[in-house]
Amino acid sequence: MMCSLKQSYVIGTNGVVSQRRNPFVQLPVLSSISMPKIPNLSAISVAKPLHIASVESLGSLEIGNKRRSLVVKKAYDADRSEGEGVVEKAEAARKVKIGFYFATWWFLNVIFNIYNKKVLNAFPFPWLTSTLSLAAGSLIMLISWATKVAEVPNTDVEFWKSLFPVALAHTIGHVAATVSMSKVAVSFTHIIKSGEPAFSVLVSRFILGETFPLPVYLSLVPIIGGCGLAALTELNFNMTGFMGAMISNLAFVFRNIFSKRGMKGKSVSGMNYYACLSLLSLLILTPFAIAVEGPQLWAVGWQKAITEIGPHFIWWVAAQSIFYHLYNQVSYMSLDEISPLTFSIGNTMKRISVIVSSIIIFRTPVQPVNALGAAIAVLGTFLYSQAKQ
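Residues numbered from 1 in each chain as written. Predicted model: local features only at pLDDT ≥ 70, side-chain atom pairs only at ≥ 80, totals over all residues. Heavy atoms only, no water.

### Some remarks on the pattern of salt bridges
Part 1 of the argument: Throughout the structure, instances matching the rule amount to 1 salt bridge.
Part 2 of the argument: Where E158 meets K161, a salt bridge forms, and the shortest distance between an N and an O atom there is 4.0 Å. Highlighted residues: E158 and K161, both in helix α3 (residues 157-183), separated by 3 residues, approximately one helical turn.
Part 3 of the argument: With relative accessibility at 55%, the residue K161 sits in the exposed group. (Salt bridge = Lys/Arg side-chain N within 4 Å of Asp/Glu carboxyl O. Helix = DSSP H or I, 4+ residues; strand = E, 2+ residues; numbered from the N terminus. Buried < 20%, exposed > 50% of the residue type's maximum accessible area, 1.4 Å probe, protein only.)

### Examining the packing of helix α4 (residues 186-193) against helix α6 (residues 214-232)
Part 1 of the argument: At a closest axis distance of 9 Å, the pairing of α4 and α6 adopts a crossing angle of 155 degrees. Taken together, the axes of α4 and α6 are roughly antiparallel relative to one another. Relative to α6, the crossing made by α4 is left-handed. Taken together, the residues of α6 that come into contact with α4 (itself represented by F188, I191 and I192) are C227, A230 and A231.
Part 2 of the argument: In terms of residue class, the contact of α4 with α6 is built from 6 nonpolar, no polar and no charged. (Axes fitted to C-alpha atoms, helices over the stretch in contact; angles between N-to-C directions. Parallel < 35°, antiparallel > 145°, perpendicular 65-115°, else oblique. Left-handed = near helix turned anticlockwise from the far one by under 90°. Contact = heavy atoms within 4.5 Å. Nonpolar A, V, L, I, M, F, W, Y, C, P; charged D, E, K, R; others polar.)

### Some points on the packing of aromatic side chains
Part 1 of the argument: As enumerated under the stated definition, the model contains 17 aromatic pairs in all.
Part 2 of the argument: Relative to W160, the ring of F159 has its centre 5.5 Å away and its plane inclined at 85 degrees; by these criteria the two rings are edge-to-face.
Part 3 of the argument: Members of the aromatic cluster, joined through ring pairs, are F123, F125, W302 and F313.
Part 4 of the argument: Above the ring of F206, the side-chain terminus of R205 is found at 5.9 Å from the ring centroid. (Phe/Tyr/Trp six-rings, centres within 6.5 Å; stacked < 30°, edge-to-face > 60°. Lys NZ or Arg CZ within 6 Å of the ring centre and 35° of its normal.)

### Remarks on the environment of P295
Part 1 of the argument: Positionally, P295 belongs in helix α9 (residues 295-309).
Part 2 of the argument: Here the alpha-carbon distance between P295 and L128, two residues 167 residues apart in the chain, equals 9.3 Å.

### Things to note about the environment of A135
Part 1 of the argument: Topologically, A135 is positioned in helix α2 (residues 126-146).
Part 2 of the argument: The spacing of A135 and S278 is 143 residues in sequence and 7.7 Å in space, taken between C-alpha atoms.

### Examining the side chain of E293
Part 1 of the argument: On the secondary structure map, E293 appears in the loop between α8 (270-292) and α9.
Part 2 of the argument: A distance of 3.0 Å separates a polar side-chain atom of E293 from the backbone nitrogen of W127.
Part 3 of the argument: A distance of 3.0 Å separates a polar side-chain atom of E293 from the backbone nitrogen of L128.
Part 4 of the argument: If sequence neighbours within four positions are ignored, E293 has contacts with F125, P126, W127, L128 and W298. (Polar contact = N/O pair within 3.5 Å; in protein donor to acceptor, adjacent residues only side chain to side chain.)

As structure tokens, then:
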């Protein structure tokens, strides 16, 4: 039989649950009532606890950051060193390339001058010789374009109009230099041609109105003085040969002026630029060569040369024609890689190599005063290239 029982529970301050009974009713219904154990309320945390790291933990964190920073720095230094290494390798490769251009340029020029002089000694027709040089270069480039060995230049009518005065001056300079070498020693022609900077300054000053710093004008003194001394002491002096070299200097000065003014903004590589120049110069020169010398004189001279020299003469003609184009092509290609100052210095060194080699090979008699004049003129050319910058 169930009886109603009124009870209440009190949670004491010590967390123990006590039972309070009604004093008026005392019925022994159950011997005991099992109550669940309630945890200590004072141990319950309402808010999330705030954990503060110890001093040792902060130190470990700082050391870790330093280590990470050190790793990042080492990685950055490694990347930078690798980048600098790539730049240094590229610069070294560029210097090797320029050195190869210079060595090839000088070698080809020396070979051309030697064979050109041999041909002119046996076959004194400079107009035809000059024409054959341009024809060989034009043929080489036409074959290169046709076989896709070289990229065909993208030209238009305006390009050829701008190139015409350059080609005209180039033709005159080329023929005049060949006429000079047919009359005098190769060394003498190049000594006089080392005076080209003097013509450049004079034409620029009095025709174009350009001004130059004082060191440029002073550098002309040894150039003019050296050329004059060499001319006065030349054992085999010839006025036609001397004037040919002088006209060549003047023509090449105008060629450079026309090239700078008319060819600005034309996107043609150095190799293709010279190829186009050779083609146009060939068209200009051929009718004049026929008019001045003519096929009849050429036939007689050719037969005489073959009789005296033999079949080797044909190789001489082919060699001087091919090497003329190659050395000029390399010089124009080098302009894409170097500054005008470096090119000018290289041109000066080229003249020295040609003068010395031709004197040795052809056993040209040279007086000490003549050699001194040549040295002074070449030194003046070098000083001019330095002062011009």
